[in-house]
Amino acid sequence: MLKISIIETLDQAVTIRLEGQVRGLWVEELRRSCEPLLARGSGLQLDLNDVSFVDMNGVALCRSLRDRHVAILHCSPFVAEQLKGYGHEDDLA
């Protein structure tokens, strides 16, 4: 299960706070949450502080979002290692 909370601020920056596991069908749900925000030009950040696991598709989505200038924040040591295992370890915040 994955809880997705969208937190908008007055300066149009948006943080998507995730809680749970980024895997399976939840990866597509996260993509659907991000796309409209990216389309309107919002500064977007993903807060992964409460994420316990990211599967390969979730890692691919995080990589794709990072390539689109989305900041990936507050990874737990375990999730940071998962993301490092797939490359781009220098890009994690």
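Up top you'll find the structure we're talking about.
A.B. asks: Where do I start with the overall build of the chain in this structure?
C.D. replies: Broken down by element type, the chain carries three helices and four strands. Radius of gyration (C-alpha) of the chain: 12 Å, near the 12 Å computed for a compact globule of 93 residues. For the chain, the spread of C-alpha atoms along the principal axes amounts to about 35 × 30 × 20 Å. Residues counted as buried form 39% of the 93 residues belonging to the chain. Considering only residue pairs separated by 6 or more positions, the chain has 64% of its internal contacts joining residues 24 or more positions apart. Summed over its atoms, the accessible surface of the chain is roughly 5400 Å², and 53% of this surface lies on carbon and sulfur atoms.

A.B. asks: Before we go on, may I ask you to explain the pairing of strand β1 (residues 2-8) in this structure?
C.D. replies: The two faces of a sheet get side chains in turn, since along a regular strand they alternate between them. The pairing of β1 with strand β2 (residues 13-22) spans seven bridges and is antiparallel. Across the sheet, the residue bridging to Ser 5 is Arg 17, located in β2. Hairpin connection, β1 to β2: the antiparallel pair is bridged by four residues, and Gln 12 has positive phi, about 70°.

A.B. asks: How do you make sense of the pattern of salt bridges when you look at a structure like this?
C.D. replies: Oppositely charged side chains can pair when the atoms bearing their charge come close. Summed over the entire model, instances satisfying the criterion amount to seven salt bridges. Across the salt bridge formed by Arg 17 and Glu 19, the nearest N and O atoms sit 3.4 Å from each other. Taking relative accessible area as the criterion, Glu 19 reaches 24% and is therefore assigned partly exposed. Close ionic contact of Arg 31 with Glu 28 constitutes a salt bridge, the shortest N to O distance being 3.1 Å. With Arg 31 and Glu 28 both in helix α1 (residues 25-39) and three residues apart, this pair spans about one turn of that helix. Several salt bridges converge on common partners, so that one network encompasses Lys 3, Arg 17, Glu 19 and Asp 50.

Reading the values: rules and limits
- Residue numbering note: each chain is counted from 1, following its sequence as written.
- The model is predicted, so local features are restricted to residues of pLDDT at least 70 and side-chain atom pairs to those at 80 or more, both for listing and for counting; the totals for chains, interfaces and linings are taken over all residues.
- Each side-chain value is derived from all of the structure's non-hydrogen atoms; neither hydrogens nor water enter the calculation.
- The secondary structure listing takes helices from DSSP runs of H or I that are at least 4 residues long and strands from runs of E that are at least 2 residues long, numbered from the N terminus.
- For the radius of gyration, the atoms used are the C-alpha atoms, and the globule rule reads 2.2 Å times the number of residues raised to 0.38.
- Accessible area is worked out with a 1.4 Å probe on protein chains only. A residue is then buried under 20% of its type maximum, exposed over 50%, and partly exposed in between.
- We call two residues in contact whenever any of their non-hydrogen atoms come within 4.5 Å of each other.
- For the accessible areas, the method is Shrake-Rupley and the probe is 1.4 Å, while residue cover comes only from the protein chains on display.
- Strands were regarded as paired on the criterion that DSSP finds at least two bridges between them.
- Salt bridges are counted wherever a side-chain nitrogen of Lys or Arg sits within 4 Å of a carboxyl oxygen of Asp or Glu.

Bear in mind that shape data such as this cannot, by itself, settle questions of function.
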